[in-house]
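Okay, here's what each chain looks like letter by letter:
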Amino acid sequence: MKSRVKKPNFRVRRSLFQKYLAFGIVILFISFVALGLTMYFFVTSYWKTEKKTTFLESANQVAQVVIESSSYSPVRRELTVDNYNLFAVTLYSLSQSIDADIFVVDNTGSCFACSEDNDVCIHRGRTLPQYVLAYTASDEYSGGEFFEHGTLDGYYDESYYTAGVPIVLNDEGRPVIVAFCYVSSKASFVSSLPLTFMKIFLIAALITVLVVIVFVFWMSYSMVRPLRQMSGAAKKFAVGDFSTRVAVTSDDEIGELATAFNYMADSLSASEGMRRSFIANVSHELKTPMTTIAGFIDGILDGTIPPERQGHYMRIVSNEVKRLSRLVTSMLSLSRIDNGELKISRKNFEMFSMIVTILAGFEQKIEEKHLKILGLEDFRSITVNADPDLMYQVIYNLVENAVKFTPDGGYIRFGVEETRYDISIMITNSGQGIAPEDIRYVFDRFYKTDKSRSMDKKGMGLGLFIAKSIMGLHGGDIYVESAVNEYTRFTFRLPKTPAPAATPQRAKSREKYIEATANSETEE
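Residues numbered from 1 in each chain as written. Predicted model: local features only at pLDDT ≥ 70, side-chain atom pairs only at ≥ 80, totals over all residues. Heavy atoms only, no water.

Overview of the pattern of salt bridges
Two side chains with opposite charge may pair up if their charged atoms get near one another. As enumerated under the stated definition, the model contains four salt bridges in all. Between E158 and K186 there is a salt bridge whose closest N-O contact spans 3.4 Å. Of this pair, E158 sits in the loop between β5 (146-150) and β6 (160-171) while K186 sits in strand β7 (residues 174-186), and the two are 28 residues apart along the sequence. R493 is the partner of D422 in a salt bridge, and the nearest nitrogen-oxygen pair spans 3.6 Å. Of this pair, D422 sits in strand β12 (residues 422-430) while R493 sits in strand β14 (residues 487-495), and the two are 71 residues apart along the sequence. (Salt bridge = Lys/Arg side-chain N within 4 Å of Asp/Glu carboxyl O. Helix = DSSP H or I, 4+ residues; strand = E, 2+ residues; numbered from the N terminus.)

Here you go:
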């Protein structure tokens, strides 16, 4: 049964924009509710404290007036107001100034003076509860003061704020509580200012919320827009369209993500182009030798090719078979590299002998193009520790490229540099060189600088990629230098002692070197 790749589901149940917006609104709402409740609590507490202070001050003033305008009979235990007019005016004025009722009661709780109904009158029928009097008179619990929010145990029909103080006279050198003064106001009236304040706060908060919602909407949309563009581009990538790019409008994390996304799109586009080129090249490379082989073999079998010419055409068939073998070897090497299966088997061998052996295989082509081989006379015997088969493949690819791209009458120069730690082999050939814009890509798979195929008709764009991978496995490196219309020089460096494979940091350094080389060539 064939395995099926599940198509990704791009449908989003709830967009990130909606989440950002909802999160911002919820946080804003919670913040305003917490702020409103906190302010209401403190304002209410402050307002109550202020009312308590005001009421107690007024009660003390009335008590002082009572003391100054009254007399007390210890025998009858009765308080008599001597200057009732002064007392009435003071009581009424204070009541109006604080907008509250003021009343004076005797020791039994009976009211004998109050400011209700905008006048000063007597309500003997109304009596305060005894616990109010006892609490007011007790210095131990109240300090001689009383304050309560309630109905005074049924004295009022609704909730009131009430503050009171005892009226104390001096009776033969000792203080005596002769009456009590209370100031009272409806709780609804006292709470009017906090409620008004909360209304103003809510209106201001509502306006602020609307402004912030608009701002959060704009911010969320701005943040999510690049992500939506990336999502749309990713959908196009899924169907093979790599032309879409995301606009980079900021230098924050979203901007970095957009830049990385565009870089990925460029890489995918380049990979797709190389993949298509690879398929076309593979098809061409397989079709051409197979057609040649089939044609010559059919000609030999049906007698079209005479016996005396069969040897010649059989050699052509043999060369085409070798060409197919090299193609298959390259493909197998590429597969082993991708799967991490390419291993090295180190041995000590002589590098100069390997180079001479490889050059001997290109002797016919070198003579046909009248190429000059330079530097071998100065090339001393060097023994290296590496995988002979893999190093043969590296040198073969470099020599093949040099022979292929060197014009008739040109030269190929070999050089060697030895240090305490490594050995570097240089292979330089004259010719048109590599353009600065192409030099950074020469080691990429399937990349061919000769896009017209006028010179590189048999290459697959895999040789240099495989060579670089092999050098990385040996802990070495390979790089290229070139001057347009002058020369191209490939240098591969091999450590004398086994070294670890190339790390990402070393690979990054190698890319920087290539880029710097390309820039320097451009300036020249």
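Things to note about the state of the cysteines
For the structure shown, the criterion picks out zero disulfides. Not part of a disulfide, C111 finds its nearest cysteine sulfur in C114, a span of 4.4 Å. Residue C111 is classed as buried on the basis of its relative accessible area of 2%. Accessibility expressed as a relative area gives 2% for C114, which makes it buried. (Disulfide = S-S within 2.5 Å. Buried < 20%, exposed > 50% of the residue type's maximum accessible area, 1.4 Å probe, protein only.)

Observations regarding the environment of T383
Positionally, T383 belongs in strand β10 (residues 383-386). For T383, a relative accessible area of 53% corresponds to the exposed category. Taking the C-alpha atoms as reference points, T383 and N348, separated by 35 residues in sequence, lie 6.4 Å from one another. Contact partners of T383, with chain neighbours within four places excluded, come to N348, F349, E350 and I423. (Contact = heavy atoms within 4.5 Å.)

As for a nonpolar patch on the surface
On the surface, Y20, F215, W218, M219 and M223 cluster together into a nonpolar patch covering about 500 Å² of accessible area. The element best represented in the nonpolar patch is helix α5 (residues 192-238), accounting for four residues. Examined against the element boundaries, F215 turns out to sit in helix α5. (Patch = residues over 30% accessible without salt bridge, like charges linked within 9 Å, V, L, I, M, F, W, Y side chains within 5 Å. Areas by Shrake-Rupley, 256 points an atom, 1.4 Å probe, with all protein chains shown as cover.)

So, the packing of aromatic side chains
Counted according to the given criterion, the structure contains 12 aromatic pairs. Ring centres of Y135 and F146 lie 5.9 Å apart, and the angle between their planes is 75°; on these two criteria the pair is classed as edge-to-face. With a gap of 11 residues between them, Y135 in helix α3 (residues 130-137) and F146 in strand β5 connect regions that are remote in the sequence. The exposure class assigned to Y135 is partly exposed, which follows from its relative accessible area of 36%. Between the aromatic rings of F147 and Y161, the centroid separation amounts to 6.1 Å while the plane-to-plane angle is 20°, which identifies the pairing as stacked. You can see F147 sitting in strand β5 and its partner Y161 sitting in strand β6, a full 14 residues away along the chain. Take F147: its relative accessible area is 26%, and that puts it in the partly exposed class. Residue classification places Y161 among the buried positions, given a relative accessible area of 4%. (Phe/Tyr/Trp six-rings, centres within 6.5 Å; stacked < 30°, edge-to-face > 60°.)

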